[in-house]
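# Survey of secondary and tertiary structure
Letter by letter, the chains look like this.
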Amino acid sequence: MQIIFHGHSCVQIVTNGKSLLIDPFLRGNPLAVTKPEDIQTDYILLTHAHTDHILDAEPIARANDATLVAMFELAEYMSAKKLKTVGMNMGGTYDMGFAQAKMVQAFHSSSIMLEEGQMIYAGMPAGYIIQVEDLTILHTGDTALFGDMKMIGERNQIDLAFIPIGDHFTMGPDDALQAARWYGAKMVIPVHYNSFPPIRQDAEAFVKRLEGQGQKGRVLAPGDRMEIHA
Ligand code: NI
Ligand code: MN
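All of the points below concern the structure found in this document.

About the criteria used
- Throughout, residues of each chain are indexed from 1 in the direction in which the sequence is written.
- Whichever chain is written first becomes A and whichever ligand is written first becomes 1, with later ones labelled in order.
- Given that this is a predicted model, residues contribute local features only at a pLDDT of at least 70 and side-chain atom pairs are listed and counted only at 80 or more, while totals for whole chains, interfaces and linings are drawn from all residues.
- The basis for every side-chain value is the complete set of non-hydrogen atoms in the structure, without hydrogens or water.
- Between any two strands, pairing holds if DSSP finds at least two bridges.
- Under the scheme used here, helices are H or I runs from DSSP no shorter than 4 residues and strands are E runs no shorter than 2 residues, and both carry numbers assigned from the N terminus.
- Every axis in this analysis is a line fitted to C-alpha atoms, fitted for helices over the stretch in contact. Angles between the N-to-C directions lie between 0 and 180 degrees.
- Think of the donor list as every N, O and S atom within 2.8 Å of the metal, or within 3.2 Å for Na, K and Ca; water never makes the list, so a site can look incomplete.
- Exposure categories follow from relative accessible area, calculated using a 1.4 Å probe and restricted to protein chains: below 20% of the type maximum is buried, above 50% is exposed, and the middle band is partly exposed.
- Here a site with four donors is tetrahedral if all angles are between 85 and 135 degrees, and a site with four or six donors is square planar or octahedral if opposite donors are over 155 degrees apart and the other angles are between 65 and 115; anything else gets the irregular label.

## Examining the sheet that holds strand 2 (residues 10-15)
An order of 6-5-4-3-2-1-16 is seen for the 7 strands of this open sheet, with the pairing classed as mixed. Among the strands making up the open sheet, the edge pair consists of strand 6 (85-88) and strand 16 (225-227). The average angle at which neighbouring strand axes cross in this sheet is 20°, direction not considered. Looking at chain direction, strand 1 (residues 2-7) and strand 2 are connected through 5 bridges and run antiparallel. Counted as the bridge partner of G7 is C10 from strand 2.

Structure (structure tokens):
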């Protein structure tokens with residue numbers, strides 16, 4: 001399968017002519033090299049409702065007649081826009097046929113910003129454990145470090161994990177290193193950094209520190225593609 005990193009937390013998994021896209025944020029990301037109209041996908045998974053995770057979900061879903069998968073409240077909000085949605089909740093697994101996504105805990109917040117500065121409650125934030133082509137891929141969503149990452153690591157053989165390192169809104173590198181240890185991921189790709197000034201980080205230094213604790217990491221630049229097979 002092919003993994004495409006579109007910058008920030010936006011990850012695309014392409015396998016056997018099918019695609020799922022996680023957290024599309026392209027137009028608002030100064031580092032993105034992909035435009036929403038360039039994306040072809042069957043599914044869009046949302047970890048939570050913050051703008052830097054859903055900004056391009058609506059246009060991409062419409063252009064592709066794609067199904068949005070999200071926490072129940074966020075899915076209902078998208079459904080009211082006449083989009084195809086699947087609302088789920090923590091601990092549940094949704095079967096897309098070519099891949100299965102289990103919604104797991106993230107320690108963060110989730111709301112939809114209205115222009116007047118008001119917010120709509122969007123349910124709990126989440127991450128996804130995705131089974132695809134005999135591989136287990138974790139996208140943590142935005143999260144702080146929390147103890148049950150250890151349990152998730154014990155109960156899943158994680159081949160590839162996307163973990164935020166930006167600090168300020170999520171874990172910083174120190175906590176992300178602990179998260180990587182607890183998840184026991186065979187390969188870690190840092191996300192959610194450098195898109196804005198408060199989340200500037202040295203991703204290469206993070207990967208070196210991962211190697212120092214016996215784990216593999218890889219820095220992907222926006223637009224980078226990676227082949228991965230079981
Ligand atoms: Ni967020
Ligand atoms: Mn975010």
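Read on, since the account is not over.
## A word on the coordination of the manganese ion (ligand 2)
For the manganese ion (ligand 2), the full set of protein donor atoms is D52 (OD), H53 (NE2), D142 (OD) and H192 (NE2), at a range of 2.1 to 2.2 Å. Ordering the donors of the manganese ion (ligand 2) by residue number gives the pattern D-H-x88-D-x49-H. Between the manganese ion (ligand 2) and the nickel ion (ligand 1), the interatomic distance is 3.1 Å, and D142 donates to each metal, bridging them. The class of H53 is buried, set by a relative accessible area of 0%.

## With respect to the coordination of the nickel ion (ligand 1)
Ideal geometry at a metal gives 109.5 degrees between four tetrahedral donors and either 90 or 180 degrees between six octahedral ones. Looking at the metal site, the nickel ion (ligand 1) is ligated by H48 (NE2), H50 (ND1), H108 (NE2) and D142 (OD), spaced 2.2 to 2.3 Å from it. Relative to the metal, the 4 donor atoms surrounding the nickel ion (ligand 1) lie at angles of 89 to 179°, and the coordination shape comes out irregular. For the nickel ion (ligand 1), the single-chain donor residues occur in sequence as H-x1-H-x57-H-x33-D.

## Some details on unusual backbone geometry
Residue E133 is not a glycine yet carries a positive backbone phi of 50°. The topology assignment puts E133 in the loop between strand 11 (126-132) and strand 12 (135-139). For E133, a relative accessible area of 28% gives the class partly exposed. The backbone phi angle of H168 is positive, close to 70°, even though this residue is not glycine. Among the secondary structure elements, H168 is positioned in the loop between strand 13 (160-164) and helix 5 (173-183).

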